[in-house]
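# Coordinates in review
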Amino acid sequence: MSEFSLSKYLTTFQTTEKRSYLPVEDASRELNTIIDRLAISPEQINSDPEIFESLTDLCHGFPHLPMKLQTQLTYLVASFVTNVANDISSTLVNKTSGDEIIELIANWKIYLEQYGYLMHVLLTFLHDDIHIAALQSSNFARGVGGSSNKKANTNPNIELFKRSCSQIESIVDAILKILQLNLSRIFQTTPERDLFISLFIRPLYVIVEVEPIVKLNHLKSFIQRALALSVKNHGQSSAIKASIMSTLTYFLHLSHFNAELLHLLNEQYDYPQLTEDILKEISTRVFNAKDTTGPKAISNFLIKLSELSSHIMLRQMSLVIRLLNNSSITLRCSVVESCGNIVTAIMKNSELLDHYKQQVLVLVKLLEERFQDSNPYVRTKAIQSCIKICQLDIKINKVRSNFLLLAIRSLEDKSSLVRRNSVKLLSKLLLTHPFSGLDGNQLILTNWKKLLDEAHNELDKYQENNENYDISVNNIDDDIINKDVTIDMDVNTKNTSSNIINKNGVETDEANNQLSNKITKLKLMVAYFEEAVEFISNLHRAIFLASGLLSSRNRNEVLETMDFLVLAGTYSLEPSGECIKHMLHLVWMKGATDEGTSIQSHLMTCYNQLFLTTPPEFNYKQRANYIANNLIKLTERSSLADLASLEQLLILMHKEKLIDDNVVVVLWAIYNAASLTSSMEEKTQIHGAIIIIGMLALSDSNIALKGYVTLLNIGLGEIGMKDMIICRYSCLALERMTPENNLSSSHEVDMKHDEESVKKLYSIIILYSTDPEYYPMCEQAIRTLFRISRTPDKIANDIIKEKTMMTFGSASEIDSVDNQSISRVTSLSQLLFIVGQVAVRTLIFLDSCETEFKKRKHETEIRNSKDKEKVKDAVVNELNTDEADESKDNELAMIGGTNEDDFADAIQVIKENDLLFGPDCLLGKFCPLVEEIISSSNDRYNDVMLQRTATLCLEKLMCVSSKYCEKSLPLLITVMEKSPDPIVRSNAVLGLGDMAVCFNNLVDENTDYLYRRLHDESLMVQRTCLMTVTFLILAGQVKVKGQLGEMAKCLENSDQGISDMCKLFFTELATKDNAIYNGFIDIFSNLSSDEDLKKDSFKNIIKFLLSFIVKERHQKQLSEKLSIRLNKCSDQQQWDDIAFVLNTLPHKNEKITEMLSEGFKVVNARD
């Protein structure tokens, strides 16, 4: 027996350069010799010193061996170790006598140490190989992952890695055999045992530092078992603990490895002490502020451990919670997420829940507190943990109620991430609510309040009749009330409340009498209904707050809010209807989320789910009726903005084939059912049907074309004469029979029908009606006339003349129309409205003529440039065709010989001179009349509607000619300033905005009058003015001078809508060439000089505006400009205002700081 010192060999190896060992000469022969000697018995390694030395030399020269010999050597050593371990194990199991074992122990120790040393050497070199292979291979992950790419699999580095892993696996398998032995009997002292086991533990932990190793599940499992055995059977917890704490600090990928190792120890080896010790150690850790790897690795470890060993981690949570005081956001997030994982895991196990109920409630309380954390990411983690808890079947009503209130509060959080997750929590709370009643799971507040009242009445009746059995609800066990109480409702009985029973049963004392049981049960019902009413009421508040998030810039937040509102709609929550209608406006929102989901497509999905999805048992007729009725309901009580958005959405949905032809057939059938005796409900249905038809016609003009005759007979017939809404939208559908981009072929119907439709339009335009809906109907009818008529200008002239005769004719001629007296004032109002609308449509008609001319000329030039000869031949041939073709050729000839500029000039002359100042102009003859009506102080023209239509007519006439605009502009400004009617003032603002687009040079000098309306006494005028000015500025139609200060004051408007609109304006303005920075000094001067502006409002406005000045250069320049003003202040208020801006700006320097401190002294001296 030769002497062998493990510590000596190990120290020598560790202090020697690994690659400095010389290669073994004729290594193959040496290895074969060793195999021959040790094949008989592995114990022969100690019989001849040369065998061990030769084997050691081969292991030391491992890097120099050929690949085949490396593999043979590894498997040789591993198999020898396995055989030795098996022999030792069988000897100990067979209970050999004590004396014999004592004699064998010395030999076993040497065998194990020698083979252990050899394995340590091999593991060291194999680690070097896999480390080099992982570093040098760029496509390493694909090759290891089993890619089918042959080139990747033939990469030498990948081959080296795979071969090395296979060898490591065989060695670890042998190590497991050793660790299963009772080493304390072989190694008499603890240091000897620890030194021996360290031969394996240290190299194994070094090996797993190579990240790809951890991704090989089989090898990872082997290594974890080896480490777990060393802890459980051989007292290596201190060494493993040190290794875990060390790797957690530096290696992110080992976080999950270590957590899985501890879970293995806890579950399979029943050794939770190491986990508890490590958690204690982590709770005392202090991290450097610049260290990011350490906190992140420990965070991943805590989260994974909380998922795997929740009940073990729960015992030490009182220590782990200390990390919430750490400045690292990542650590705080991990603790919060761990709390959620623990609570979720414990609640899934009823036995654990009974044992740890109080601890779980403490963790839930901690999650609720984290809703107020200073960091949004921590708050988000708290919300996400609550979402996990709400997914469980166990329903703790008190906890759910708290979650709901916290989620509602978080909807107003500054962080979009927190708001978005709050909406998710609300959705989860709604999906898993525990309340069921007469309507199933529906949450209609009025129904639940009715049930509550009935339960109260029933309870009061019992208590009045049996005062001795009065039981306070406070005496009922909270646990009973908090249980998941599900109620069955017998709808066939007369007394609903008396038939409500608890499915799960209520445990009561057998000694209680039946009456006491009844009262107790009723009290539980009351408590149940009260919780339901409170839950629904809170959801109502949540819906109102969530609807405000639809305007968020964060697309993901908008999508989550949409899903929540759709879910609220499915549960019949009353406020969801209006909010879902408000969602319509998202159809104009562009862009998509990071996942590629666009707002428009998701909106279509939501509306398809809500209104176009039918029960599966419906046939195609029932389906069409159901969808048609839902679409009609969408038009009820809708504003013009709602209808415009609905129209755009339906166009998109029709193009996606979500609305089929059967639905259109049903809509036409509803429209055809119109009659003079239709009830109000039927009229509402008919109105909705024709509105939807007109919307769908924009997507497919054939939809309107199919009902052409019906439109004329109903909408423009006797029924339409009596119902202006049907008439208006029938005109709209008639207009949309022709696609807007196909003006040249706009006449899809024959001449006879064309003439008939024009006559019908003529009749309804000159119709006398006292219905206020006449005006929008008339506007649409004139628009349709100019669209479908071949000579709209002539027909419009005839209409104006006849309406003039009806208005100013003799009394005998106009006494009655259809047996009703005519008011000249009303008729004059309608006449002026027609005149103004004809003027506008004539301008549009002329512009369309110019556009069509340019289009045809461009097409002609293209054809001429391609083949002039073909064009000449075509012209010659067409001269011999019919009269219509000849007219077309003449037109083309005129186009070819006319310059575009000449044609445009001709159109401009018509606008400027002929329409209002020409010898035969009809519109111009009404200008003096309109001016007289507006400017006259006579009571003769003081009718409200007459003044409104006259003002509108004046504005439209002013848009025709710049000369007339210049002449009448003072009159319009006077009306805008002094008219007592807010509608007139609003219309004047809109008209001035239109003129700013048409004749910019005329209006630009008078924009101050426009800005004054921002502070009009009427909110409607303020809102109209703000929208108009917003458009003009953002579109570049007016120059921004010093008026931005007036706009800024709207930020503090009492009306939230105006304030939000103004914020949106400045947000958009900030994207245009540093506009806010350039105008800030003027804005500041305006605000500072306004004595009526409150100081708090001034500060809020300045803070908001400064948030857009983010460039450091601009901040510095602005500070310098204001610092110059600081010394020129005449009073303390000016100084305070400038000082506030300088203090608010992020840029600071010593000079400004010194001036601010000195300024106070100067001001005090002056005072």
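Keep in mind that this is a model prediction, so the values were computed, not measured. (Residues numbered from 1 in each chain as written. Predicted model: local features only at pLDDT ≥ 70, side-chain atom pairs only at ≥ 80, totals over all residues. Heavy atoms only, no water.)

Let us now look at the pattern of salt bridges. This structure, assessed with the given rule, holds 30 salt bridges. In this structure, D194 and R193 form a salt bridge, with 3.7 Å as the shortest nitrogen-oxygen distance. Given a relative accessible area of 27%, D194 falls into the partly exposed group. For the salt bridge of D373 with R370, the shortest nitrogen-to-oxygen distance reads 2.5 Å. When its relative accessible area of 19% is taken as the criterion, R370 is described as buried. A single salt-bridge network, built from bridges that share partners, covers E977, R985, R1012, R1013, D1016 and E1017. (Salt bridge = Lys/Arg side-chain N within 4 Å of Asp/Glu carboxyl O. Buried < 20%, exposed > 50% of the residue type's maximum accessible area, 1.4 Å probe, protein only.)

Taken as a whole and assessed by the stated rule, the structure comprises 26 aromatic pairs. The rings of Y9, F13, Y21, F52, F62, Y117 and F125 are connected pair by pair, giving a single aromatic cluster. Here the basic side chain of K1095 rests over the ring of F1098, its NZ or CZ set 5.3 Å away from the ring centre. (Phe/Tyr/Trp six-rings, centres within 6.5 Å; stacked < 30°, edge-to-face > 60°. Lys NZ or Arg CZ within 6 Å of the ring centre and 35° of its normal.)

This brings us to helix 15 (residues 273–283). Where helix 15 is concerned, the buried positions are L274, T275, E276, I278, L279, I282 and S283. Among the structural elements, helix 12 (217–234), helix 13 (237–250), helix 14 (254–267), helix 16 (293–308), helix 17 (310–315) and helix 18 (317–320) are those in contact with the buried residues of helix 15. (Helix = DSSP H or I, 4+ residues; strand = E, 2+ residues; numbered from the N terminus. Contact = heavy atoms within 4.5 Å.)

Moving on: unusual backbone geometry. A positive phi is found at D270, a non-glycine position, where the angle reads about 50°. Within the secondary structure, D270 is located in the loop between helix 14 and helix 15. Here K657, not a glycine, exhibits a phi torsion of approximately 65°, which is positive. Its place among the elements puts K657 in the loop between helix 32 (640–655) and helix 33 (661–672).

It is worth spelling out the side chain of S309 at this point. With respect to the secondary-structure elements, S309 resides in the loop between helix 16 and helix 17. Residue class for S309 comes out buried when judged on its relative accessible area of 0%. If sequence neighbours within four positions are ignored, S309 has contacts with H263 and N266.

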